[in-house]
Amino acid sequence: MENIVKEANGSKSVNELIEKASDDAKKMYMQRIWGMDKEQIFHELMRVHAESSKLLMQAQAELERLRQVVGEDDPKRH
């Protein structure tokens, strides 16, 4: 944390720090995947699939809700 504050006060912007943290997290995740056996990879794949399906359903529900809100405010649709 102290290192981040020093960098934030230095030359790196917050966006650069976020991007670096994101890249570091991706690298750590891929290293963890490479260390797995086939069964562990399969379970991770199923976990990711379930999570992405859940997020997709949430996004579709939000999209439908927003379409209804916009439709209610649009006088051309009445």
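The coordinates are above.
Per chain, residues are indexed from 1 in the order of the written sequence. Only residues with pLDDT of 70 or above have their local features reported here, since the model is predicted, and side-chain atom pairs are shown and tallied only from 80 upward, although totals for entire chains, interfaces and linings are computed over all residues. To obtain the side-chain values, all non-hydrogen atoms of the structure were used and water was disregarded.

Asker: What should I look at first to understand the overall build of the protein chain in this one?
Answerer: Counting from the N terminus, the helices are DSSP H or I runs at least four residues long and the strands are E runs at least two residues long. A count of helices and strands for the protein chain gives 3 helices and 0 strands. When the helices and strands of the protein chain are read in sequence order from the N terminus, they spell out α-α-α. Buried residues in the protein chain amount to 6% of all 78 residues. By element, 60% of the accessible surface of the protein chain is carried by carbon and sulfur atoms, the whole surface being about 7,300 Å². When a residue's accessible area, from a 1.4 Å probe over protein chains only, is under 20% of the maximum for its type it is buried; when over 50% it is exposed; and in between it is partly exposed. Computed with a 1.4 Å probe, the accessible areas rest on the Shrake-Rupley method; for each residue, only the protein chains presented here act as cover.

Asker: Help me out: how do you make sense of a nonpolar patch on the surface in this one?
Answerer: On the surface, Phe42, Leu45 and Met46 cluster together into a nonpolar patch covering about 300 Å² of accessible area. For leucine 45, a relative accessible area of 51% corresponds to the exposed category. Nonpolar side chains (Val, Leu, Ile, Met, Phe, Trp, Tyr) within 5 Å and like charges within 9 Å form the patches, drawn only from residues with over 30% relative accessible area and no salt bridge. Every case where a carboxyl oxygen of Asp or Glu lies within 4 Å of a side-chain nitrogen of Lys or Arg is listed as a salt bridge.

Asker: I would appreciate a short explanation of the pattern of salt bridges in the present structure.
Answerer: One side chain can pair with another of opposite charge once the charged atoms of both are near each other. Per the stated rule, a full pass over the model turns up 4 salt bridges. Notably, a salt bridge pairs lysine 20 with aspartate 24, separated by 3.1 Å at the nearest N-O pair. Of the two residues, lysine 20 and aspartate 24 are both situated in helix α2 (residues 14-34); the distance of 4 residues between them amounts to about one turn of the helix. Using a relative accessible area of 40% as the deciding quantity, one classes lysine 20 as partly exposed. Put simply, arginine 65 and glutamate 62 hold a salt bridge, and the shortest N to O gap is 2.8 Å.

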